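Each chain, letter by letter, is given below.
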Amino acid sequence: MRKILMIYTGGTIGMIRNPQSGALEPFCFDNIYEHLPMLRLIQAEVHIETLSPLIDSSNANPAFWIRLASFIYERYDAYDGFVILHGTDTMSYTASALCFLLENLSKPVILTGSQLPLGVMRTDGRENILNSIEIASDYRNGKPMVPEVCLYFENSLYRGNRTYKDNAEHFNAFVSANYPKLAEVGVNIKYNEHYIRKASTEPLILHTRMDDNIAILKLYPGITEQAVWAVLGIPGLRAVIMETYGSGNAPTYPWFISCLRESIENGLIITSVTQCKGGGAVEIGKYETSVSLGQIGVISGGDLTTEAAVSKLMYLIGEGLTNEEVRYWIPKPLRGEISEG
Ligand code: ASP
């Protein structure tokens, strides 16, 4: 029997309605078998731990990601796979952060959660937990089927660093627009083996430094010079994720280009990701409206999601790399987060 560690971090999934007040409140995971009796039938030895303090995932931050990665690292040898119960709001950010912090992964780490609490009749949490455990414990010929950081939701297994939360209501809340699903769960579990990362043969490395001196600049028609400087001028800022239009386009106004040029000359790293949720990647120079971005040194973030770009930059800068090294690594896939382009 495979040994799986399920780690509860907080979020809707672990809530139950207080019969007196009617309000949702976290329940003690020691009583999980009351809420999920099927857990006893699963073909794996499941241990449960709670990462305290429990958080609503809106309060996730680099310190939380590092705590969670360290928690897994310390228990890595004792288990065959990990299932993390997490709030849905920032689950994609955490999945991305974990993939960078845990280098050379050779076991499944699957994040899941739910739109309805486990203690509610129609909860989606039950299937999400049971299927995540089944996938995390699925080994064939001694090898795990998905030795990477994944996100499981509503019958689909995704590469975590390719996902974003797309819907606050549907059970099918996540999308991976630029990378195929790793598996689909119906009567059988169908793995898209070709798209799943290979298990590393190197020992697991835990990274524990992330630099949060980054910011996001989302472009919109009518953006003012003041608004652009309000972001680019943040003291101590090392890198900016600029959310551009379409395939990486931006205004060509001279003031806009000079703001970016001046900031880059002063050592700021600016990477461009697209506001489009799917259908491709930033291609600097494809249109006239992105040619000057390339000339002044904006780096293409390809098909990186904003969610993955946040933790990739925090990780690269946190590792103490020079600007040149960070710029070199942004477009390169480190954990399958970006398509080679
Ligand atoms: N606000 C909650 C959280 O992300 C929502 C959820 O769990 O789905 O922690």
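Reference entry: report on the structure contained in this document.

1. Focus on the sheet that holds strand 5 (residues 81-85)
Phase 1 of the analysis: If you walk across this open sheet you meet the eight strands as 4-1-5-7-10-11-14-15, and the pairing is mixed. Each of the sheet's edge strands pairs with one partner strand only, and the pair in question is strand 4 (44-50) and strand 15 (189-191). Taken over all neighbouring pairs, the strand axes of this sheet differ in orientation by 20° on average, direction set aside.
Phase 2 of the analysis: Pairing of strand 11 (residues 156-159) with strand 14 (residues 183-185), which is carried by two bridges, proceeds in the antiparallel orientation. Bridging from a neighbouring strand, Leu157 pairs with Ala183 of strand 14.

2. With respect to the packing of aromatic side chains
Phase 1 of the analysis: Under the counting rule described, the total for this entry stands at eight aromatic pairs.
Phase 2 of the analysis: Between Tyr76 and Phe82, the ring centres sit 6.1 Å apart and the planes meet at 0°, which makes this aromatic pair stacked.
Phase 3 of the analysis: We classify Tyr76 as buried; its relative accessible area is 7%.
Phase 4 of the analysis: An aromatic cluster is present here, built from Tyr76, Tyr79 and Phe82 joined pairwise through their rings.
Phase 5 of the analysis: The ring of Tyr76 carries the charged tip of Lys107 above its face, separated from the ring centre by 4.7 Å.
Phase 6 of the analysis: Across from the ring centre of Tyr328, 4.2 Å away, lies the NZ or CZ of Lys332, which sits over that ring.

3. A word on the site of the ligand
Phase 1 of the analysis: Inspection of the region around the ligand gives Gly11, Thr12, Asp56, Ser57, Gly87, Thr88, Asp89 and Ser114 as its neighbouring residues.
Phase 2 of the analysis: At 2.5 Å, a side-chain N or O of Ser57 approaches an oxygen atom of the ligand.
Phase 3 of the analysis: Asp89 has a polar side-chain atom sitting 2.8 Å from a nitrogen atom of the ligand.
Phase 4 of the analysis: Isolated, the ligand exposes 270 Å² of accessible area, and the fraction of that covered by the protein chains is 89%.
Phase 5 of the analysis: In terms of residue class, the shell around the ligand is built from no nonpolar, six polar and two charged.

4. Section: the sheet that holds strand 20 (residues 299-300)
Phase 1 of the analysis: Spatial ordering of the open sheet is given by 17-18-19-20, a layout of four strands whose pairing is parallel. Each edge of the open sheet is held by one strand with a lone partner, namely strand 17 (214-218) and strand 20.
Phase 2 of the analysis: In this structure, strand 19 (residues 269-274) lies alongside strand 20, joined through two bridges in parallel fashion. Bridged to Thr271 within strand 20 is Ile299.
Phase 3 of the analysis: Against the sheet, helix 8 (residues 306-318) engages strand 17, strand 18 (239-244) and strand 19, with an angle of about 165° to strand 18.

5. What about the nonpolar core?
Phase 1 of the analysis: With 53 residues, the main nonpolar core has Ile72 and Leu98 as its most contacted residues.
Phase 2 of the analysis: Top element by residues in this core is helix 8. It accounts for eight residues.

6. Examining the packing of helix 2 (residues 62-75) against helix 3 (residues 91-101)
Relative placement of two packed helices is described by the angle separating their axes and the distance separating the axes.
Phase 1 of the analysis: At their nearest, the axes of helix 2 and helix 3 sit 10 Å apart, and the two run at 55° to each other. By the angle between their directions, the pair helix 2 and helix 3 is classed as oblique. Judged by the sense of rotation from one axis to the other, the crossing of helix 2 with helix 3 is right-handed. Residue-level inspection shows Phe64, Trp65, Ile66, Leu68, Ala69 and Ile72 of helix 2 in contact with helix 3, the latter providing Tyr93, Thr94, Ala97, Leu98 and Leu101.
Phase 2 of the analysis: Residue composition of the contact of helix 2 with helix 3, grouped by class: 10 nonpolar, one polar and no charged.

7. A word on the pairing of strand 17
Phase 1 of the analysis: Both strand 17 and strand 18 contribute to a ladder of five bridges, which runs parallel. Of the residues in strand 18, the one forming a bridge with Ala215 is Val240.

What counts, and where the lines are drawn
- Residues numbered from 1 in each chain as written.
- Predicted model: local features only at pLDDT ≥ 70, side-chain atom pairs only at ≥ 80, totals over all residues.
- Heavy atoms only, no water.
- Pairing = 2+ DSSP bridges.
- Helix = DSSP H or I, 4+ residues; strand = E, 2+ residues; numbered from the N terminus.
- Axes fitted to C-alpha atoms, helices over the stretch in contact; angles between N-to-C directions.
- Phe/Tyr/Trp six-rings, centres within 6.5 Å; stacked < 30°, edge-to-face > 60°.
- Buried < 20%, exposed > 50% of the residue type's maximum accessible area, 1.4 Å probe, protein only.
- Lys NZ or Arg CZ within 6 Å of the ring centre and 35° of its normal.
- Near = heavy atom within 4 Å.
- Polar contact = N/O pair within 3.5 Å; in protein donor to acceptor, adjacent residues only side chain to side chain.
- Areas by Shrake-Rupley, 256 points an atom, 1.4 Å probe, with all protein chains shown as cover.
- Nonpolar A, V, L, I, M, F, W, Y, C, P; charged D, E, K, R; others polar.
- Contact = heavy atoms within 4.5 Å.
- Core = buried A, V, L, I, M, F, W, Y, C linked by side-chain atoms within 4.5 Å.
- Parallel < 35°, antiparallel > 145°, perpendicular 65-115°, else oblique.
- Left-handed = near helix turned anticlockwise from the far one by under 90°.

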